[in-house]
Amino acid sequence: MLEQELKLKNNHLKNRLVMGSMHTGLEEGLGNLKKLNAFYQARAEGGVGLIITGGYSPNLRGKLTPFSSTFNSWFDVLKHRTVTKTVHQAGAKICLQLLHAGRYAYHPFNHAPSAIKAPINPYKPKAMSKRAVLSTIKSFARSAHLAEKAGYDGVEIMGSEGYLINEFMAAHTNKRTDEFGGSNENRMRFALEIVKAVRANVSSKFIIVFRLSVHDLVENGSSGSDVQAQAKALEAAGVDIFNTGIGWHEARVPTIASMVPQGAFQDASLLLKQTVSVPVIAVNRINTPELANQILQNGKADLISMARPLLADPDFFNKYSQNNSQNINVCIACNQGCLDNVFKGKRATCLVNPRAGFELEYPLEKAAKAKKVLVVGAGPAGMASACYLAEKGHTVTLIDRSNQMGGQFKLAMQIPGKEDFNYTLTYYQSELDKQGVTVKLATEYNDKMAADYDDVVFATGVRPRLAPINCLDGKRIYAYDEVIRGEVPIGKRVAILGAGGIGFDMVAFLTEQKNKSIAQFKSQWGIDETANSHQALEQIYMLKRSAGRFGSELGKTTGWIHRAVAKQQGVIQLEQCNYVGFSNQGLEIEHKGQQQFLDVDTVIACIGQESNNELYNPHQGEAKFHVIGGAKLAAAIDAKRAIFEALMVARHI
Ligand code: MDE
Ligand code: SF4
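Criteria and thresholds
- Residues numbered from 1 in each chain as written.
- Chains lettered and ligands numbered in written order.
- Predicted model: local features only at pLDDT ≥ 70, side-chain atom pairs only at ≥ 80, totals over all residues.
- Near = placed C-beta within 6 Å.
- Nonpolar A, V, L, I, M, F, W, Y, C, P; charged D, E, K, R; others polar.
- Core = buried A, V, L, I, M, F, W, Y, C linked by C-beta atoms within 7 Å.
- Buried ≥ 20, exposed ≤ 12 C-beta atoms within 10 Å, placed from the backbone.
- Contact = placed C-beta atoms within 7 Å.
- Axes fitted to C-alpha atoms, helices over the stretch in contact; angles between N-to-C directions.
- Helix = DSSP H or I, 4+ residues; strand = E, 2+ residues; numbered from the N terminus.
- Left-handed = near helix turned anticlockwise from the far one by under 90°.
- Domains from an automatic or database assignment.
- Pairing = 2+ DSSP bridges.

A. Structural view of the site of ligand 2. The immediate surroundings of ligand 2 are formed by 14 residues, with Arg308, Cys331, Gly337, Cys338 and Cys350 found nearest. Among the residues forming the shell around ligand 2, the class breakdown is ten nonpolar, three polar and one charged.

B. The arrangement of the nonpolar core in detail. If you look at the biggest cluster of nonpolar residues, it comprises 193 residues, and the most contacted ones within it are Ile157, Val198, Ile496 and Val507. Those residues within four positions of Val507 in sequence are excluded, and the remaining contacts are Ile496, Ile540, Met542, Val565, Ala566, Gln569 and Val571.

C. Summary view of the packing of helix H13 (residues 380–391) against helix H15 (residues 421–434). The interhelical angle for the contact between H13 and H15, taken along N-to-C directions, is 35°, at an axis separation of 10 Å. Handedness of the H13/H15 crossing: left-handed. Mapping the contact onto sequence places Pro380, Met383, Ala386 and Cys387 in H13 and Thr424, Tyr428, Glu431 and Leu432 in H15. Looking at side-chain class alone, the contact of H13 with H15 contains six nonpolar, one polar and one charged residues.

D. Expanded view of the domain arrangement of the chain. Domain boundaries in the chain define domain 1 (6–343), domain 2 (372–463 + 610–652) and domain 3 (466–607). The gap between the C-alpha centroids of domain 2 and domain 3 is 30 Å. In this complex, domain 2 contributes eight residues to the contact, which on the side of domain 3 involves 13 residues. Across the side of domain 2 that touches domain 3, the residue classes break down as five nonpolar, two polar and one charged.

E. Geometry of the site of ligand 1. In the region of ligand 1, 21 residues are neighbours, and Met22, His23, Pro119, Glu250 and Trp560 sit closest. With three residues, the top contributor of residues to the shell around ligand 1 is helix H12 (residues 339–343). Viewed by domain, the shell around ligand 1 spans two of them, domain 1 (6–343) and domain 3 (466–607), each represented by three or more residues.

F. Fine view of the pairing of strand E23 (residues 577–583). Relative to E23, strand E18 (residues 470–471) is paired through two bridges, and the arrangement is parallel. Bridged to Asn470 within E23 is Gly581. Looking at chain direction, E23 and strand E24 (residues 586–591) are connected through six bridges and run antiparallel. Paired with Cys577 across the two strands is His591, which belongs to E24.

So, in structure tokens, the structure goes:
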């Protein structure tokens, strides 16, 4: 169980929850040190047993980007002492992650076992000379030595995700002919030498975690038996804990996005557990205490790593240990606030917790004067603002004309692969209750109500934009919401108008299965090399008016998955279309100036939304009235912005 202590050979951890490595963007720049401290402090005070920092390179060439952080000097030691002290005072342990980016380093001085360019990096690496190999081993050892001086309890050596050490391990990227290439024994030599050198330069109680790639998910990656041999040798070299690595960054298999079933990779940890006698950490898509405990109880791992779930809720462990798990703000694996930001060079935060990474900038202090506040609309923006306002000490009433809370989230969670969005609703329901918010459903707002309140927040959301298309023969264009709610019949040949997030979600809705099992997921993505996914309809077209790549504005770490699913389902994509008419003949369009009919029986408009701002508009400019979320701007359905604005309006009132 998560709360159990874990004894290591020469050390111990107070419980089984590890905060996995996250590069937040606060690691760089002296000015961010206080913010990074506050970020870790919140998680350590939240009860996590062990924190693993974001990746720090042991030398200059291993830096992820020219501005990324290294850890290799006495100046770094002084700087990091504040972090380790803070974490220790809050009762947790902390390991520094040493990450050499290898061919993923986004600068022209990158190097790797062989000169083979990564498909996701324009900079081709130089092949490392033997001297460079040996000096890199020394750099790891020196950084680990300095990490101990800085007060760290250990290091995590990043040997997965396709970074340098992993590049040595896999024949995919290692074409060397010296003793560091060729057989598995030779390919693992670099990793072994690093671990031995680190062990020789630190004390016996200093923890060495090694993140070993169990599934590379690229061609010519390590086989299961290769991985087992690597794990045994690394254990003998001095590794205290193994962390499970899944998938290189260039892998075209989803590994942490919401469409990955929860706990999908627990068997990878089991493989390690069956191989070594030191503790093993399970990772990826573990976001609830129930699942974590199930994995521990089934003996698949000894520790559970959660990274994003601790962005979403720093108090995860305390809530669990105080029997308050229903009040955990569960990570929904959307990647929108965290990884998508990181891959764009922005600070990581969280869609469901905009205070993550901004602990010092966005505190929520008690209001000087408690007010009566009415929040209109119980979608994500309304629910979040009601909770934040109540947390500040205001007396809050939340109303919605529907008889259910959730707004657009209720639609989102109907999309296969977005089932976890349900957790956010459960969280808000629990939090509204805990904060004493009065919730009145099936209640229409009228202007007379405002007189009873000091402030009114309109979070009335959006409605789908309608398609101005000439329909004949009793045909009609459906809006996406009525399709998702199951209110209209869908034929066999469908045209989806619009190729934004909702258009791609519609493809998933029409073709994918909800609550996919781990076996079905692995089969679809070729992880176990069996059958492929099904196609539910005869044909789907996806049309858009603009020119250019489909789905280019989708999230950086999830867009490619949506595009891959559309391809798997044989969706025909047509750009530069004008929509003309819909009749028994099909959908009439002008495609690149040419008139044509598409033989479809159903047309679904996913062409954006309009704000429900009619209630707010008459009060524009009046200090008592506020508008947030989709009601303010309907540019795209954006729960991240909606919840952020909910926080901002609460800070203001
Ligand atoms: P894109 O647009 O998908 O691809 C660009 C082009 O390359 C092609 N491509 C490939 N061709 C052949 N073979 C391949 N394997 C392959 N891969 C890509 C594409 O088809 C495309 O060609 P085109 O279609 O244009 O002709 O990618 P992008 O350049 O926009 O984005 C690249 C990304 C790095 C963002 C990316 O691929 C990403 O989506 N991968 C997801 C990886 C992931 O989710 N990994 C697992 C979790 S992350 C983790 O465990 C540890 C993370 C440490 C992070 S920090 C975490 C913070 O919270 C450290 C940050 C690392 C920075 C590199
Ligand atoms: Fe999880 Fe989404 Fe928050 Fe990232 S932004 S931590 S994926 S809920």
